[in-house]
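Report on the structure
What follows is each chain in one-letter form.
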Amino acid sequence: MATRPTLISITTIASLYTVIAQDTSQCGTVHPELPPRCVDLPRWNATGASWWDGLFAGTTTQCSHEHGHCDTAGTPSANSATGILYAMAPFIECIPTPAKTPIPPLLTEAPPGLCERPRKTKRTVIDVVGVAYEVDVLEIRQAEISPAVDYFFVFESHATQRGNAKPLFYERSRGRFQDVSDRTYYLVDDAARYFNNKMKMNSESKRQDDWINEDSLNSIGWPKIKEVIKEIKDLTPDAVIMFGDLDEFFDRESLLKVAWCEETVVDEQMGPGTIMMYHLNLERAEPAHMPRSPSQAPVIDLFTNHPEEIKKHRWKKVLAGSKGYHLGGCLNPYGQIAKEVSLAEGGGIPRRHSHAEDLVRSPWMLNHLNEKGIRACCADREYPYYTGDRVPHYARENKDRYPHLFPQTSENKACSPHIYPPKR
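The shown structure was predicted, so the numbers you read here are calculated from the model rather than taken from an experiment.

Time to look at the pairing of strand β9 (residues 281–289). Note that strand β8 (residues 270–279) and β9 share four bridges and pair antiparallel. For Met277, the partnering residue across the bridge sits in β9 and is Glu286. Linking β8 back to β9 in an antiparallel pair, the connection comprises one residue, with Leu280 at a positive phi of about 80°.

A few words now on the state of the cysteines. Per the stated rule, a full pass over the model turns up three disulfides. Note on cysteine connectivity: Cys27 is disulfide-linked to Cys415, with sulfurs 2.0 Å apart. With the S-S dihedral at roughly -95°, the linkage between Cys27 and Cys415 falls on the left-handed side. Of the two residues, Cys27 is situated in the loop between α1 (10–14) and α2 (52–55) and Cys415 in the segment after α12 (410–413); the sequence distance between them amounts to 388 residues. A relative accessible area of 0% means that Cys415 is categorised as buried.

It is worth spelling out the packing of aromatic side chains at this point. For the structure on display, the rule yields 12 aromatic pairs. When the centroid spacing of 5.6 Å and the interplanar angle of 50° are considered together, the rings of Phe249 and Tyr325 count as tilted. Placement of the pair is Phe249 in strand β7 (residues 248–250) and Tyr325 in strand β11 (residues 317–328), with a sequence separation of 76 residues. By relative accessible area, Tyr325 is classed as buried at 4%. Here the aromatic cluster, defined as three or more aromatic residues joined through ring pairs, consists of Trp44, Trp51, Phe91 and Tyr334. Arg390 extends its terminal NZ or CZ atom over the ring of Tyr325, reaching a point 6.0 Å from the ring centre.

Let us now look at the nonpolar core. One finds Leu255, Tyr278, Leu282, Ile300, Leu327 and Val360 to be the most contacted residues of the largest nonpolar core, which totals 85 residues. When residues of this core are assigned to their parent elements, the largest contribution, seven residues, is made by helix α3 (residues 78–93). Apart from residues no more than four positions distant in its own chain, Leu282 is found in contact with Leu327, Cys330, Val391, Ala395, Leu405 and Phe406. Formed by 20 residues, the second largest nonpolar core is a distinct cluster that contains Ile225, Phe243, Ile275 and Ile310.

Below, the discussion takes up unusual backbone geometry. The backbone phi angle of Leu280 is positive, close to 80°, even though this residue is not glycine. The residue Leu280 is located in the loop between β8 and β9 in this model.

At a minimum axis distance of 9 Å, the contact between α3 and helix α8 (residues 333–341) shows a crossing angle of 160°. In terms of orientation, α3 and α8 fall into the roughly antiparallel class. Crossing handedness for the pair α3 and α8: left-handed. Together, Ala81, Ile84, Leu85, Met88, Phe91 and Ile92 of α3 and Tyr334, Gly335, Ile337, Ala338 and Val341 of α8 make up the contact between the two elements. When its residues are assigned to classes, the contact of α3 with α8 shows 10 nonpolar, one polar and no charged.

Moving on to the environment of Gly324. Note on placement: Gly324 falls in strand β11. It is 5.1 Å that separates the C-alpha atoms of Gly324 and Asp251, two residues lying 73 residues apart in sequence. Not counting residues up to four positions away in its chain, the partners in contact with Gly324 are Phe249, Phe250, Asp251, Pro272, Thr274, Ile275, Met276 and Arg390.

Further remarks concern the pattern of salt bridges. Evaluation of the coordinates by the stated rule reveals 17 salt bridges. Through salt bridges with shared partners, a single network forms among Asp136, Glu139, Arg176 and Arg401.

Let us now look at the pairing of strand β3 (residues 151–157). For β3, the buried fraction is high: seven of the seven residues fall into the buried class. Residues Tyr151, Phe153, Phe155 and Ser157 line one face of β3 and the alternating positions Phe152, Val154 and Glu156 line the opposite face, and both faces are buried. Taken together, the six bridges between strand β2 (residues 125–131) and β3 define a ladder with parallel strand orientation. Residue Val128 lies in a different strand from β3, and its bridge partner there is Phe153. Between the parallel pair β2 and β3, the chain is carried across by helix α4 (residues 135–145), and the sense of this crossover is right-handed. Two strands pair when backbone bridges link them, and β3 and strand β4 (residues 184–189) are joined in this way by six bridges, in the parallel orientation. Opposite Ser157, over in β4, you have Asp189 as the bridge partner.

To continue, consider the side chain of Thr184. Position of Thr184 among the secondary structure elements: in strand β4. Thr184 sits in the buried class, given a relative accessible area of 14%. Within the structure, the side chain of Thr184 is placed 2.7 Å from the backbone oxygen of Val180, a separation counted as a polar contact. Excluding residues that lie within four positions of it along the chain, Thr184 makes contacts with Phe152, Val154 and Tyr170.

Here we come to the environment of Lys316. Inspection of the secondary structure assignment puts Lys316 in the loop between β10 (299–302) and β11. Looking at Lys316, the relative accessible area reads 61%, which means it is exposed. Along the backbone, Lys316 and Gly271 are 45 residues apart, and their C-alpha atoms lie at a distance of 7.4 Å. Ignoring anything within four residues of it in the chain, the contact list for Lys316 reads Glu268 and Gln269.

This brings us to the environment of Met88. Relative to the elements of secondary structure, Met88 occurs in helix α3. Each C-alpha atom, one on Met88 and one on Gly335, is 7.9 Å from the other, the two residues being 247 residues apart in sequence.

Here α4 lies mainly inside the structure; 11 of its 11 residues are buried. Within α4, the full set of buried residues consists of Val135, Asp136, Val137, Leu138, Glu139, Ile140, Arg141, Gln142, Ala143, Glu144 and Ile145.

Quick notes on the rules
Residues numbered from 1 in each chain as written. Predicted model: local features only at pLDDT ≥ 70, side-chain atom pairs only at ≥ 80, totals over all residues. Heavy atoms only, no water. Pairing = 2+ DSSP bridges. Helix = DSSP H or I, 4+ residues; strand = E, 2+ residues; numbered from the N terminus. Disulfide = S-S within 2.5 Å. Buried < 20%, exposed > 50% of the residue type's maximum accessible area, 1.4 Å probe, protein only. Phe/Tyr/Trp six-rings, centres within 6.5 Å; stacked < 30°, edge-to-face > 60°. Lys NZ or Arg CZ within 6 Å of the ring centre and 35° of its normal. Core = buried A, V, L, I, M, F, W, Y, C linked by side-chain atoms within 4.5 Å. Contact = heavy atoms within 4.5 Å. Axes fitted to C-alpha atoms, helices over the stretch in contact; angles between N-to-C directions. Parallel < 35°, antiparallel > 145°, perpendicular 65-115°, else oblique. Left-handed = near helix turned anticlockwise from the far one by under 90°. Nonpolar A, V, L, I, M, F, W, Y, C, P; charged D, E, K, R; others polar. Salt bridge = Lys/Arg side-chain N within 4 Å of Asp/Glu carboxyl O. Right-handed = clockwise from strand over helix to strand, strands pointing away. Polar contact = N/O pair within 3.5 Å; in protein donor to acceptor, adjacent residues only side chain to side chain.

Rendered as structure tokens:
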């Protein structure tokens, strides 16, 4: 039996950080309509928060997941889960540095050399995705596929997967997506019927993953999205939709071939030929491989094949020559805690590798674990370093904008004190 790892304390983490000079001139300025710079936020402080006690008051559930999910410090109360989500929202949304490059525009002609037989008219490409806390990943996704995508559909719920009220993170961060705002439809589900704070259990009182709210993209969102798509006047007869989890998407070249190349055939639910599986940051990944299961990859299909529903993770064959990404767990520390509290692969504050209370007091501890390739919620795995260049374009071009995904210089760390706090 594997031994439980030594818990990491807040004092141990604090000793790992060097003093960072607080010259923030290199952090740039942001437009008033954008979320604030991270450096301008007050220091995170959970002391005395009204939601604190309820985070750890519930019964810790046993976990039936093979990788050790649910090893938590209790089941948060509804009020505490909602409270910490609103408290952490500014730290999830803030901008360390302005983008060096804009999200690229939609291309109006095929790039030279892309196709053997270029189409005369571009095929309509539609991206459909549900969003919760993954503001950075959504930005990377939309920038990667923007040159090929005619319309973005973003679906968000007022409720977490547990059924607690949550902020509308996309609504709060819309300024970050202004480069594609004229191509974006944003739909919101009030999800009031899901405000129940319940967890599905089996006969042995072990937690069972219950994806009712995540699946609301299909059960609630898709009927609304479908009706809007039908009203789009310039839809081509062979229009395609891409869907899946937010962190799963085809790469830019693959979607451009779908949009512009006659020889690229989409006739049913199809997945990528190879996928880059990133873990926690963009420095750790498995070598490119064929997806081991449909649950690891995005799906692309003809819109006309989906009159009633879309089904994530159920592609039937490979789109020849295509590539994709899976940015698993690539959230900043506050986003990771929000995800765990919300019942996504957790159910409470994780304690497997660290004291849960310390994680909430000092969320940046998670960044140290992630740098070592350790998922705080789960059993030990070995995530190797990746030294290749198959990284989404926008992330590669704006590394200092994503301090939790790439190693940073001391100067860049000063722009992200919520992740790299200076010593007091």
